[in-house]
Amino acid sequence: MDVADLVRAGDPVRREMKLRQWLPAPALHMLALGAGLFAALELRGGAFLAQKPRVEIPAHRFEQMVTEFRADTGRGPTREEWAQMLDLLVDDEILFQYALALGLHENSAAQSRLAQIAEFVEANPHGHEPSPAELAGAAMELGLHEGDLVVRRILVDSARRLIRGVVLLQQPTPELVEQYYAAHAADFTSPARIRLSQVAINGFVHSDSAARAERLLARIQAQKLGLDAALALADETPAPVHLGLQNQQSLAGEFGSDFAATVMTLRPGGGFTVVPSDYGHHLVWIHEYEAARVPPLEAVRDAVTGALLQKLADDWLRLRLRELRGEFDIVLPPGVS
Amino acid sequence: MSSTRRAWGFVTRLATLGALACATMSDADPAKPAPGVARKPPYELTENRPRCNHYNPQRQAFFGTTHLHTGLSFDASIRFVDYANGNNPRGAYQFAKQKAPINIPEPSGLQPKPRGSCQDPATPSLDGPSRTPCVDEPLDWGAVTDHSEHFGVMGFCKNLGGKYLSESLSMECRMLNGFFYEPLKTLNPGFGKTMASNAFTQLTLTNLGAISQNTNLPVCNNHPELCAKAEMEVWSEVQAAAEEAYDRSEECSFTSFVAYENASTPLLNNWHRNVIFRNDRVVKTPVNALDMAVVVNKDPLKDPVDTLLAVVPDEPRVWPVPPGTKVNHPLPQPFWNKLEEDCTKGKNVTPGLATRCDFITIPHNSNLGGGVIADGKTIFPPMFLDPYNTADAKRHLEMEPLVEIYQDKGASECRYDPRYLAGTNTIDEFCAFEILDSKSLGSASGVGSGGGGAAAPPDTWADRAYVRNVWKDGIQYAAKNTFDGINPFKMGVVSASDSHTGVMGWHPETDQWPGHLGIDDAFPMADSSSIQNSTGGPSVVWAEENTRDSIFEALKRKETYGTSGPRMKVRFFGGWNYPADACSKDHVAIGYQGGVPMGGDLPTRASGAGAPTFITSAIWDGKIGTKLEQIQIIKGWVDGKGNSHERVYTVVGDPGSPLNPQAAIDPSTCKAKPDLGTERLCTVWKDPDFDPNEHAFYYVRVLEQPVCRYSTLWCRNWIRVDPLDTDTCNSQLAALQQGNAAERARASHGAKCCSNQTTEPFVQPVIQERAWTSPIWYEPVTRSAAK
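The rules behind the values
Residues numbered from 1 in each chain as written. Chains lettered and ligands numbered in written order. Predicted model: local features only at pLDDT ≥ 70, side-chain atom pairs only at ≥ 80, totals over all residues. Helix = DSSP H or I, 4+ residues; strand = E, 2+ residues; numbered from the N terminus. Buried ≥ 20, exposed ≤ 12 C-beta atoms within 10 Å, placed from the backbone. Contact = placed C-beta atoms within 7 Å. Pairing = 2+ DSSP bridges. Axes fitted to C-alpha atoms, helices over the stretch in contact; angles between N-to-C directions. pLDDT = per-residue confidence, 0-100. Expected span 1.5 Å × (residues − 1). Parallel < 35°, antiparallel > 145°, perpendicular 65-115°, else oblique. Nonpolar A, V, L, I, M, F, W, Y, C, P; charged D, E, K, R; others polar. Core = buried A, V, L, I, M, F, W, Y, C linked by C-beta atoms within 7 Å.

Asker: Looking at this model, I keep getting lost on the overall build of chain A. Mind explaining?
Answerer: Along its length, chain A carries 16 helices and six strands. For chain A, with 337 residues in total, the buried portion stands at 35%. Contacts in chain A between residues at least 24 apart in sequence constitute 72% of all its contacts with a sequence separation of at least 6.

Asker: Explain the overall build of chain B here, please?
Answerer: Along the backbone of chain B there are 18 helices and 30 strands. Across the 787 residues that make up chain B, the buried fraction comes to 63%. Residue pairs at least 24 apart in sequence account for 74% of intrachain contacts in chain B once pairs closer than 6 positions are excluded.

Asker: Explain the sheet that holds strand β25 (residues 680–686) of chain B to me, please; I cannot follow it from the model alone.
Answerer: Strands belonging to one sheet form pairs held by backbone hydrogen bonds; the direction of such a pair is parallel or antiparallel. All names here are of chain B. Spatial ordering of the open sheet is given by β19-β18-β20-β25, a layout of four strands whose pairing is antiparallel. Edge strands, defined here as strands with exactly one partner in the open sheet, are β19 (595–597) and β25. Going from strand to strand, the sheet's axes swing by 15° on average, the running direction of each strand aside. Of the strand pairs in this sheet, strand β18 (residues 569–575) and β19 are connected by three bridges, and their pairing is antiparallel. Paired with Gly574 across the strands is Val596, a residue of β19.

Asker: Could you clarify how one ought to interpret the confidence of the model for chain B in this entry?
Answerer: Regions with low pLDDT carry predicted coordinates that are not meant to be interpreted in detail. Residues and elements named next belong to chain B. Looking at chain B as a whole, its pLDDT mean stands at 88, while 89% of the residues score no less than 70. Per-residue pLDDT stays below 50 along residues 1–38; that stretch engages in 54 contacts with residues further than four places along the chain or on separate chains. Confidence drops under pLDDT 50 across residues 783–787; counting only partners more than four residues distant or on other chains, this segment forms seven contacts. Here the predicted complex scores 0.81 on pTM and 0.82 on ipTM.

Asker: Help me understand the sheet that holds strand β2 (residues 193–202) of chain A in this model?
Answerer: Residue and element names in this part refer to chain A. One open sheet holds the four strands; their spatial order is β3-β2-β5-β4, and the pairing between them is antiparallel. Two strands bound the open sheet, and with one partner strand each, they are β3 (242–247) and β4 (273–277). Strand-to-strand twist of the sheet, defined as the mean angle between neighbouring strand axes without regard to direction, takes the value 45°. When β2 meets β3, the two strands line up antiparallel, connected through four bridges. By the bridge assignment for β3, Arg193 is matched with Asn247. Here helix α14 (residues 248–255) sits on the sheet in contact with β3 and β4, set at roughly 130° to β3.

Asker: In this structure, what is going on with helix α9 (residues 332–344) of chain B? I would like to understand it.
Answerer: Spacing of three or four residues puts side chains on the same side of an α-helix, whose turn is 3.6 residues. Residues and elements named next belong to chain B. Helix length check: α9 (13 residues) gives 17 Å between terminal C-alpha atoms against 18 Å at 1.5 Å per residue, within 8%. Those residues of α9 lying buried are Pro332, Gln333, Pro334, Phe335, Trp336, Asn337, Leu339, Asp342 and Cys343. Here the buried face of α9 lies against β4 (259–262), β5 (273–277), β8 (359–363) and α10 (390–399). Just beyond α9, the residue with positive phi is Gly346, at close to 75°.

Asker: Got a minute to help me understand the packing of helix α11 (residues 174–183) of chain A against helix α16 (residues 297–326) of chain A in this structure?
Answerer: Between two packed helices, both the angle of their axes relative to each other and the distance between the axes serve to describe the pair. All names here are of chain A. At their nearest, the axes of α11 and α16 sit 10 Å apart, and the two run at 95° to each other. Classified by the interaxial angle, the pair formed by α11 and α16 is roughly perpendicular. Taking contact as the criterion, the partners of Leu176, Val177, Glu178, Tyr180 and Tyr181 in α11 are, on α16, Leu297, Arg301, Val304, Thr305 and Leu308. Here the contact of α11 with α16 is composed, by residue class, of seven nonpolar, one polar and two charged.

Asker: Can you help me understand the nonpolar core in this one?
Answerer: Nonpolar side chains in soluble globular proteins generally cluster together in the buried interior. Ala99, Leu155 and Ala159 of chain A together with Val153, Ala259, Ile276 and Val702 of chain B are the most contacted members of the largest nonpolar core, which has 244 residues in total. For this core, the element with the most residues is α16 of chain A, which contributes ten residues. With sequence-adjacent residues up to four places away left out, Val702 of chain B is seen in contact with Met568, Val570, Ala618, Leu628, Ile631, Arg770 and Ala771 of chain B. Core analysis: the second largest hydrophobic core is formed by 28 residues, Leu196, Ala200, Val284 and Ile286 of chain A among them.

Asker: Just to check I follow, could you spell out α14 of chain A for this structure?
Answerer: α14 of chain A sits mainly inside the fold: seven of its eight residues count as buried. Count one or two residues on from α14 of chain A and you reach Gly256 of chain A, which has phi positive near 110°.

Asker: Explanation requested: the pairing of strand β15 (residues 492–495) of chain B in the structure shown.
Answerer: Walk down a regular strand and you will see the side chains alternate between the two sheet faces. Residues and elements named next belong to chain B. Burial of the side chains of β15 extends over both faces: Gly492 and Val494 are buried on one face and Val493 and Ser495 on the other. In this structure, strand β11 (residues 402–407) lies alongside β15, joined through four bridges in parallel fashion. Residue pairing for β15: Val403 is matched across the bridge by Val493.

Asker: Got a minute to help me understand the environment of Gln768 of chain B in this structure?
Answerer: Residue and element names in this part refer to chain B. Of note, Gln768 is situated in the loop between β28 (766–767) and β29 (770–773). Spatially, the C-alpha atoms of Gln768 and Arg716 are 19 Å apart, while their sequence positions differ by 52 residues. Leave out the neighbours within four places in its chain, and Gln768 touches Glu629, Pro661, Leu703, Glu704 and Pro706.

Asker: Explanation requested: the packing of helix α16 (residues 726–737) of chain B against helix α17 (residues 741–749) of chain B in the structure shown.
Answerer: Residue and element names in this part refer to chain B. Between α16 and α17, the least distance of the axes is 7 Å, while the angle of their chain directions is 135°. Relative to α17, α16 is oriented oblique. Listed contacts from α17 to Leu733, Leu736 and Gln737 of α16 are Glu743, Arg744, Arg746 and Ala747. Split by residue class, the contact of α16 with α17 holds three nonpolar, one polar and three charged.

Asker: Looking at this structure, I do not really get the environment of Asn274 of chain B. What am I missing?
Answerer: All names here are of chain B. Structurally, Asn274 can be placed in strand β5. On a C-alpha basis, the gap between Asn274 and Ile362 in space is 5.0 Å, while along the polypeptide they are 88 residues apart. Dropping the residues within four chain positions of it, Asn274 is found in contact with Thr66, His67, Thr145, Ala259, Glu261, Thr361, Ile362 and His364.

Asker: Can you walk me through the pairing of β11 of chain B in this structure?
Answerer: Residue and element names in this part refer to chain B. Burial of β11 is extensive: six of the six residues sit out of reach of the surface. Summarising the sheet, β11 and strand β12 (residues 410–411) pair through two bridges and their orientation is antiparallel. In the sheet register, Tyr406 faces β12, and the bridge partner there is Ala411. Between β11 and β12, which pair antiparallel one after the other, the connecting turn spans two residues.

Asker: Please clarify how unusual backbone geometry should be interpreted in this entry.
Answerer: For residues that are not glycine, phi is negative in most cases, and the peptide bond is trans in most cases. A cis amide bond links Trp319 of chain B to the next residue, Pro320 of chain B, at an omega of 5°. Along the polypeptide, Pro320 of chain B turns up in the loop between β6 (310–311) and β7 (326–327). Of note, the phi angle at Lys224 of chain A is positive, near 50°, even though the residue is not glycine. Within the fold, Lys224 of chain A resides in the loop between α12 (209–223) and α13 (227–231). Residues other than glycine seldom take positive phi values, yet Leu421 of chain B does so here, at roughly 50°. Of note, Leu421 of chain B is situated in the loop between β13 (416–417) and β14 (422–423).

Asker: Just checking my understanding: could you explain the environment of Glu413 of chain B for this structure?
Answerer: Along the chain, the position of Glu413 of chain B falls in the loop between β12 and β13. If we skip the residues at most four places from it in the chain, Glu413 of chain B touches Ile405, Cys431, Tyr466, Val467, Arg468 and Trp772 of chain B.

Put into structure tokens, the structure is as follows:
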């Protein structure tokens, strides 16, 4: 369970308390968010949340999406793809409305775009040279913002980043970091390591190095030779003869991935094993095996914190979208569900 | 031989002998402690950190990248590669470690449905590979090199820290954030791509392409202090991501480098250079294309950008370019000077754990930066400029030890065009490999919406568009004593991807390649330009361990090579007296003890010594499983009359068939016939044509057996046409064009699938993947002594 799960769980009051834990300032950001929420809740008489504003997904927009899909793939969407497309449309529409409620359309870029599109449709609505603000207001009154892709994209992106930013700006509590680390320790685990020696058969000069290795193994076993005696029978190669504790990645870098994968399955006391590598073949002798281990949190705290914040930002965006869905009366196109 | 090199050689031999002694030592538990455990590295340590468990004085091949972009680059952002959706430096490093997939936009510009981990099934895309890929094998090291010129603007546009909401909605940011979003199919099909290309040109010409008075974008010039702050936000994030990705434990699982790219693009010629820092002590402010201005633009709000001519002022910042010189191009010298001042001399360095700042710069895509030639005259110079004087020649030599020989936007080794049966100052037919039809970035692969340029004759390309020719010019300067015997172009090589999708270290010849430019090449076979994109390749260093100091030293001494994708292991040593049977022994120890590795200068030739000998070996990429065909040694030299020459020697393996690799393919599997090739090659070679009075360089090219290019596999799987048979392919494509909506869509996505070596665009349905090593140089004794 992570923080977002904790936030999702519990009753509304408890959830608000959890949210408050998660949404303390940075001052500037929270001021903006708070102002937006205040405007939504109070200046509009609480209508934004209380009366569930109606959000209608236009049939033509969904049809356009399906048409594009057909043009791209030459087939209709599957049930899952259908649901995905609908989800995308609903999420975008909710974020658009949410951005409007927060007043994000009042910023300069959205205003200038609104003024621009107002000029397209109305030569001089005020009888004088209108200011950009007047033009933007006219565009809003005409509802031009609803259909303009540029305005929509600006507002939807802004809303999405605003929501994620709430989390990314936080410093999670040590307890949360510990919880996350406990649940995701595998992502930070130090890999298993192995210590070995090897008797090489030089593959650069012996194309039959596999057969030579098997013959050498048979001889060593027959004569009951120890490691030192076996090493005296090795070919010269660039491969290190003795390796200290190394993980699979390091072994793969030196000898090749097949060698590393095989060697990591071997254990001390098993005698020699023939293993192919980049250099040819080897009789491998295992001295020591050390199982994978979880490092102390302090050694990886920064990485854990970063991963936690990214996950929480994603979770928080999903959660907010789900909550926002509950705050709108969503009307789907006829025949779509 | 310098005293440093002599000392280094001594230490290396000691270390190697120590390891050998340890290797033959007989004891009950010899692997404890490990060989080389003394671990006194033969190079400067700028970091206080444990040595790696895998430390090896004979060095290992570490596969990485020196060049990769994320959604923090302006030209990725305009293609809907989304910083906020995880396509950022952190995401790229996670991808390289195989810890997570990365999100690449769908062709429509929509973000893909994310998948949690590489173990989750890939999300299907629309008639193409997944837009949430994972790397096939983790990388050892890497550097994210986002374009630094727009760091301030990117800080604004991505509203970093939530501080730039107003600026994030500026005109520039609307461009960078893809305000031109249009559904894929409208009355203006391809409108989004066209607008992305237009945005690229607008943004590039505004500041990266100017010559004498470079300036930032208006949103930054209008708010310079805020822009500087935003620039720091981005630069800090790049540094923080690198720090998080760096494994400082003795496991040494991954090494990251703080880095960025200088994207100087004068008149759309590619003069780009990556800047790689040695450790966490880096410049406080990136030095970039703006600093290449001939004249500093002190008031960009008042003075327009002058893109025509400039006169070099009498200022230290442009040293050693002579004052009064008239130029029609920016200058790399002030860029190097400022980096040296700020970093090496420590005048503007971040705090950090390391002892000091150090850097290298790596130019790339000389194939798109060869300049402009008309009627045999140079109208615009190549990125590898003629040095102005001896001091300048030294500057080139010191500042740029490496060059990128291969990446997504084609090969820069050399050019042979089968359509003309001719090359650019070469007759080497193996140079017909991943050559572009474009001469500049303006029309290069994926940049233009149609693009691709035209297949101009090879002799219309500038010689210095190709690295082999640059190397030849370098030894010519030395032979003619132009700059007191200095060779300004003594560069080693790396490969890279230059992918703008955060895909760090994935270079597959498979049908899963998702393109390298977001929405621009989401259907890579649709355009002449994008089908010429390759999948890039890794940079490889021979280093003692996977740490910043060790790898950086390898980069500086040029013990590096690049490949076109496979992770081959290639060794190359040069000396005067290697035994003929070195391959049956530890040829690496012998190589180090008796000479120099790739990137080095042959030791001074003793009086009466014969020709130089070289040891070279190659090990296949067993994971991909394509066997090796041959090792070539390519020699360039300057004769007594001052003319340069080149020759290709197949030193071991099968000489192959350069213009007909398809003959070696089993069309049903699209792989080389199984009885061909070998897993390992090794030989000792003596130059049969050696003249001790001639300057020369030698480098190795390893060729694999042929395989189908990724485009062939892509077209077969996703479009259902077969590029291996052109007539059939054209018939299949024509049938699709007359078919139902699905088939017409496929025909559109695969419009260029039936291209081949004879068409425009030039595309090889079958390629020979390869590796290129840094050269080993030979200078006659007299010249060395004179120096």
